[in-house]
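Observations on the model geometry
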Amino acid sequence: PTPVVALVGRPNVGKSTLFNRLTRSRDALVADLPGLTRDRHYGQARWGGRDFIVVDTGGFEPSAEQGIVREMAKQTRQAVAEADVVLFVVDVRAGLTAQDHDIAAYLRRLGKPVVLVANKAEGMRESGQWAEFYELGLGDVVPVSAAHGQGLRSLVEAALARL
Ligand code: GDP
Ligand code: MG
């Protein structure tokens, strides 16, 4: 079966921007993806001749009764459960936050392969500013700029190497 890569992280770190880059906005037909649920956003990706499915999270109604934090946690859990590799996206411009620590703790407990993606790193990929994210204890940090399309090939290589 085609490998599934899930994008998780707190709101506004650039998950959807990265999703669009990786999939080049090719939506996956959910009907063609047996075993995956319908309430998340799936896209089809092909890089270096390898096909994979990308799952975005966070596209829920902010007005949801149960509240944004709980809904986000639920979406994240479900997407991670379906994934073969998790791309945990953080924002280098915002720096490390308490919410990043919470998500990291959850992912470490789960033991799934995780690649830590330091997004919004345009113009600072050489600066090492993203190195603070090593503190999350999830191994390698891959600096990218989803908005500018930088670092994506290295990211895909790191993700597929974890399969
Ligand atoms: P999501 O909530 O995690 O899905 O984040 P979005 O993809 O909606 O992006 C949130 C904001 O961050 C938007 O204003 C994007 O334009 C911006 N953004 C996304 N990627 C980058 C990036 O690589 N660099 C910068 N500077 N901004 C970005
Ligand atoms: Mg989004």
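Right above here is the structure, for reference.
Starting from 1, residues in each chain are numbered consecutively following that chain's sequence as written. Lettering of chains starts at A and numbering of ligands starts at 1, both following the order in which they are written. The predicted nature of this model means local features are confined to residues of pLDDT at least 70 and side-chain atom pairs, given and counted, to a pLDDT of 80 or more, with totals for whole chains, interfaces and linings taken over all residues.

Comments concerning the overall build of the protein chain
Counting its secondary structure elements, the protein chain contains four helices and six strands. Numbering goes from the N terminus for both helices and strands, where a helix is a DSSP run of H or I of at least four residues and a strand is a run of E of at least two. Taken from the N to the C terminus, the helices and strands of the protein chain come in the order β-α-β-β-α-β-α-β-β-α. By residue count, 39% of the 163 residues in the protein chain fall in the buried class. Of the contacts formed within the protein chain by residues at least 6 apart in sequence, a portion of 69% connects residues at least 24 apart. As a rule, residues whose C-beta atom has 12 or fewer other C-beta atoms within 10 Å are exposed, those with 20 or more are buried, and those in between are partly exposed; C-beta atoms are placed from the backbone. We call two residues in contact if the C-beta atoms placed from their backbones are at most 7 Å apart.

Some thoughts on the environment of Gly 14
With respect to the helices and strands, Gly 14 occurs in the loop between strand E1 (4-8) and helix H1 (15-23). Judged by local crowding, Gly 14 falls into the buried class, with 21 C-beta atoms found within 10 Å. The residues touching Gly 14, leaving out its near neighbours within four places in the chain, are Val 89, Asp 91, Asn 119, Lys 120, Ala 146 and Ala 147.

Some thoughts on the site of ligand 1
Nearness rests on one distance test: the residue's C-beta atom, set from the backbone, must lie within 6 Å of the molecule or strand. Neighbouring residues of ligand 1: 16 residues in total, closest Gly 14, Lys 15, Ser 16, Thr 17 and Ala 147. Per-element tally for the shell around ligand 1: the top contributor is H1, with three residues. By the convention adopted, Pro, Cys, Tyr, Trp, Phe, Met, Ile, Leu, Val and Ala count as nonpolar, Lys, Arg, Asp and Glu as charged, and the other residues, Gly among them, as polar. Looking at the shell around ligand 1 residue by residue, the class counts come to four nonpolar, nine polar and three charged.

Function cannot be read off these values alone, since they describe shape.
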